[in-house]
Amino acid sequence: MGLKYIELAQNEKNLFHFLCMSDSGTRLESLYDLAKHVPVPIEREVFVKTWIFTHGIAMIVSTNTTNIAPEEIRQLLTEAYASFKLYHNENNGGSGNEA
């Protein structure tokens, strides 16, 4: 989850800044509003945490703060998602299915 988002930030910096960093006038009541539009089953809390982590990496690569190899990005996202999911399941009695 998020690899293409980060790829856009890395390869199309100006487009990413325009689409994801400019004030579009759209406001969310909550970050959890984002989870309503995800086309795959995922717990809202896990999605939001993963999205925040993904957006952070996208910001880093889009602003040339550092260069992160695609393999490292994939590994970071995989580990973060697994950690968020494990934490959610252990602390919220999650069943591993969509909440």
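Everything that follows concerns the structure shown earlier in this document.
Residues numbered from 1 in each chain as written. Predicted model: local features only at pLDDT ≥ 70, side-chain atom pairs only at ≥ 80, totals over all residues. Heavy atoms only, no water.

**With respect to the pattern of salt bridges**
Argument step 1. One pass over the structure, following the stated rule, counts three salt bridges.
Argument step 2. A salt bridge links Asp33 to Lys36, with the shortest nitrogen-to-oxygen separation between them at 3.3 Å.
Argument step 3. A residue is classified by how much of its surface remains accessible, and Asp33, at 17% relative accessible area, is buried.
Argument step 4. Between Glu43 and Lys85 there is a salt bridge, and its shortest N-O distance comes to 3.2 Å. With Glu43 in the loop between helix 3 (32–35) and helix 4 (44–62) and Lys85 in helix 5 (residues 70–92), this pair connects stretches of sequence that are 42 residues apart. (Salt bridge = Lys/Arg side-chain N within 4 Å of Asp/Glu carboxyl O. Buried < 20%, exposed > 50% of the residue type's maximum accessible area, 1.4 Å probe, protein only. Helix = DSSP H or I, 4+ residues; strand = E, 2+ residues; numbered from the N terminus.)

**Focus on unusual backbone geometry**
Argument step 1. Unusually for a residue other than glycine, Asn64 sits at a positive phi of about 60°.
Argument step 2. Residue position: Asn64 is located in the loop between helix 4 and helix 5.
Argument step 3. Asn64 sits in the exposed class, given a relative accessible area of 56%.

**Some points on the environment of Ser30**
Argument step 1. Assignment of secondary structure puts Ser30 in the loop between helix 2 (13–21) and helix 3.
Argument step 2. Judged by its relative accessible area of 27%, Ser30 falls in the partly exposed class.
Argument step 3. Put simply, Ser30 and Thr50 are 20 residues apart on the chain and 15 Å apart in space, counted from C-alpha to C-alpha.
Argument step 4. Reaching out from Ser30, the side chain makes a polar contact with the backbone nitrogen of Tyr32 at a distance of 2.9 Å. (Polar contact = N/O pair within 3.5 Å; in protein donor to acceptor, adjacent residues only side chain to side chain.)

**So, the environment of Glu45**
Argument step 1. Mapped onto the elements, Glu45 comes out in helix 4.
Argument step 2. In this structure Glu45 comes out as partly exposed when scored by relative accessible area, which is 24%.

**Overview of the packing of helix 1 (residues 3–11) against helix 2**
Argument step 1. Packing of helix 1 against helix 2 brings their axes to within 5 Å, and their N-to-C directions diverge by 120°. With respect to helix 2, the element helix 1 is oriented oblique. Contacts from Tyr5, Leu8, Ala9, Gln10 and Asn11 of helix 1 reach helix 2 at Lys13, Leu15, Phe16 and Cys20.
Argument step 2. Counted by class, the contact of helix 1 with helix 2 contains six nonpolar, two polar and one charged residues. (Axes fitted to C-alpha atoms, helices over the stretch in contact; angles between N-to-C directions. Parallel < 35°, antiparallel > 145°, perpendicular 65-115°, else oblique. Contact = heavy atoms within 4.5 Å. Nonpolar A, V, L, I, M, F, W, Y, C, P; charged D, E, K, R; others polar.)

**A look at the packing of aromatic side chains**
Argument step 1. Applying the stated criterion across every chain, the model contains two aromatic pairs.
Argument step 2. Seen in terms of ring centroids, Tyr5 and Phe16 are 5.4 Å apart; in terms of plane orientation they differ by 75°. Their pairing is edge-to-face. Of this pair, Tyr5 sits in helix 1 while Phe16 sits in helix 2, placing them eleven residues apart in sequence.
Argument step 3. Overall, Tyr5 belongs to the partly exposed group, its relative accessible area being 21%. (Phe/Tyr/Trp six-rings, centres within 6.5 Å; stacked < 30°, edge-to-face > 60°.)

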